Amino acid sequence: MLCAVELGLLHAAPVYYGLGAAHGDGSAVVLIPGFLCPDHYLFFLHKWLGRIGYRPLFSGINLNAECPNILIQRRLNQTIDRALTKTGRRIHLIGHSLGGIIARSIAAQRPQDVASVITLGAPFRGTVAHSAILLAAEAVRLRILKKHGPAVLPDCYTGHCTCDFVDSLRRSMPPSVFETAVYTTDDGVVDWRYCRTENSETDFPVSGTHIGLAFNSSVYSIIADRLAQTHCAQNKLRPRRARVASRVKCATT
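Keep in mind it's a predicted model, so treat the numbers as computed, not measured.

(A) Local environment of the side chain of E66. Here E66 shows up in the loop between β2 (55–58) and α3 (68–87). What makes E66 buried here is its relative accessible area of 9%. Looking at E66, its side chain comes within polar contact range of the side chain of K147, at 3.2 Å. Within polar-contact distance, the side chain of E66 engages the side chain of H148 at 3.0 Å.

(B) Representation of the sheet that holds strand β3 (residues 91–96). The 6 strands are arranged β2-β1-β3-β4-β5-β6 in an open sheet whose pairing can be described as parallel. Each end of this open sheet is capped by a strand with a single partner; those strands are β2 and β6 (203–205). Within this sheet the neighbouring strands show an average axis-to-axis angle of 20°, counted without direction. Pairing geometry for strand β5 (residues 178–183) and β6, over 3 bridges, is parallel. Residue pairing in the sheet places Y183 in a bridge with P205 of β6. Sheet contacts for α3: β1 (28–32), β2 and β3; angle to β2, the most-contacted strand, approximately 160°. Strands in contact with helix α4 (residues 98–109) are β1, β3, β4 (114–120) and β5; relative to β3, the strand with the most contacts, it is inclined by about 150°.

(C) Just a nonpolar patch on the surface, in detail. Taken together, L2, V5 and L9 make up a surface patch of nonpolar side chains, about 310 Å² in accessible area. Structurally, L2 can be placed in helix α1 (residues 2–11). Residue L2 is classed as exposed on the basis of its relative accessible area, which comes to 58%.

(D) Up close: helix α2 (residues 43–51). Along α2, the residues that are buried comprise L45, H46, W48 and L49. The arc that holds the buried residues of α2, viewed along the axis, is 165°, so those residues lie on one side. One or two positions beyond α2, positive phi appears at G53, with a value near 105°.

(E) Geometry of the pattern of salt bridges. Here the structure, examined in full by the defined rule, presents 9 salt bridges. Of the charged contacts in the structure, one is a salt bridge between D81 and R110, with a shortest N-O distance of 2.7 Å. On the criterion of sequence distance, the pair formed by D81 in helix α3 and R110 in the loop between α4 and β4 is long-range, its members being 29 residues apart. Where R104 meets E179, a salt bridge forms, and the shortest distance between an N and an O atom there is 2.8 Å. Note that R104 is positioned in helix α4 and E179 in strand β5, a separation of 75 residues in sequence.

(F) Inspection of the pairing of β2 at higher detail. Strand direction decides the pairing type here: β1 and β2, joined by 4 bridges, are parallel. Residue V30 lies in a different strand from β2, and its bridge partner there is L57.

(G) Spatial organisation of the environment of P154. Along the chain, the position of P154 falls in the loop between α5 (131–148) and α6 (164–169). Separated by 75 residues in sequence, P154 and Q229 have C-alpha atoms that sit 41 Å apart. Residues in contact with P154, not counting those within four places in the same chain, are R141 and L145.

(H) Seen up close, the environment of A151. Mapped onto the elements, A151 comes out in the loop between α5 and α6. Exposure remark for A151: the relative accessible area of 64% places this residue in the exposed category. Taking the C-alpha atoms as reference points, A151 and S131, 20 residues apart in sequence, are found 28 Å from one another.

(I) Just the pairing of β3, in detail. Across the 6 residues that make up β3, a large majority, 6, are buried. A two-sided burial pattern is seen for β3, the buried positions comprising I91, L93 and G95 on one face and H92, I94 and H96 on the other. Examined bridge by bridge, β1 and β3 share 4 bridges and lie parallel to one another. Each bridged residue has a counterpart across the sheet, and for I32 the counterpart in β3 is G95. Strand direction decides the pairing type here: β3 and β4, joined by 6 bridges, are parallel. Counterpart to H92 in the pairing with β4 is S116. You can see the chain leave β3, run along α4 and come back into β4, and the turn it takes is right-handed.

Basis of the calculations
- Residues numbered from 1 in each chain as written.
- Predicted model: local features only at pLDDT ≥ 70, side-chain atom pairs only at ≥ 80, totals over all residues.
- Heavy atoms only, no water.
- Helix = DSSP H or I, 4+ residues; strand = E, 2+ residues; numbered from the N terminus.
- Buried < 20%, exposed > 50% of the residue type's maximum accessible area, 1.4 Å probe, protein only.
- Polar contact = N/O pair within 3.5 Å; in protein donor to acceptor, adjacent residues only side chain to side chain.
- Pairing = 2+ DSSP bridges.
- Axes fitted to C-alpha atoms, helices over the stretch in contact; angles between N-to-C directions.
- Contact = heavy atoms within 4.5 Å.
- Patch = residues over 30% accessible without salt bridge, like charges linked within 9 Å, V, L, I, M, F, W, Y side chains within 5 Å.
- Areas by Shrake-Rupley, 256 points an atom, 1.4 Å probe, with all protein chains shown as cover.
- Salt bridge = Lys/Arg side-chain N within 4 Å of Asp/Glu carboxyl O.
- Arc of directions from axis to C-beta.
- Right-handed = clockwise from strand over helix to strand, strands pointing away.

Now the structure itself:
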């Protein structure tokens, strides 16, 4: 119920209409949904990103209730390749909850293709969640094992799995990838302490609910600023003649 209030407040916030938000450079932004969710609840975030100058893409996941390794191989890699073809430049990933964990795994596997990762309430440092979520996750795990059999590892959908998805999460984020972790201490679904990088420059606390992070105006402001900062950081690394023009205003010092 509270996330519905957050959605209403979002539509009353100037940032949702692009007012006061840093504008984009036309880069692609792939949105990855949370556990047991489809792409389409991220519609408002998708629409807003287009409004401020980015090319948003849904992940292509019908329902996030599958082996993450399979989702990356069969869905997300295709979406990312399509985004790269459309824009000719590295893409951004924004993931909510489990989607954020998947985003970080992709960035570790494909750092040459990913410019930044923004996680929203994603417990990437350990799966500590409400008991109801853990029970649902176990049910999904059993369904995956039954559906795929020997095509997946016995420890699939646990932290003990040795697949590429889990292995990449154990690595440090590549220095070329600009990372941001947004979390709320009022989460109630996952333990917010596991949603941080423990770096004050990349961790951003907000007020709100876990589900409402996808509709939170403060989160939208952070996303706009961090995407713009990624553009500026990358442009500084390019030769002057190769710099990408955009409406983003970068500091000259």
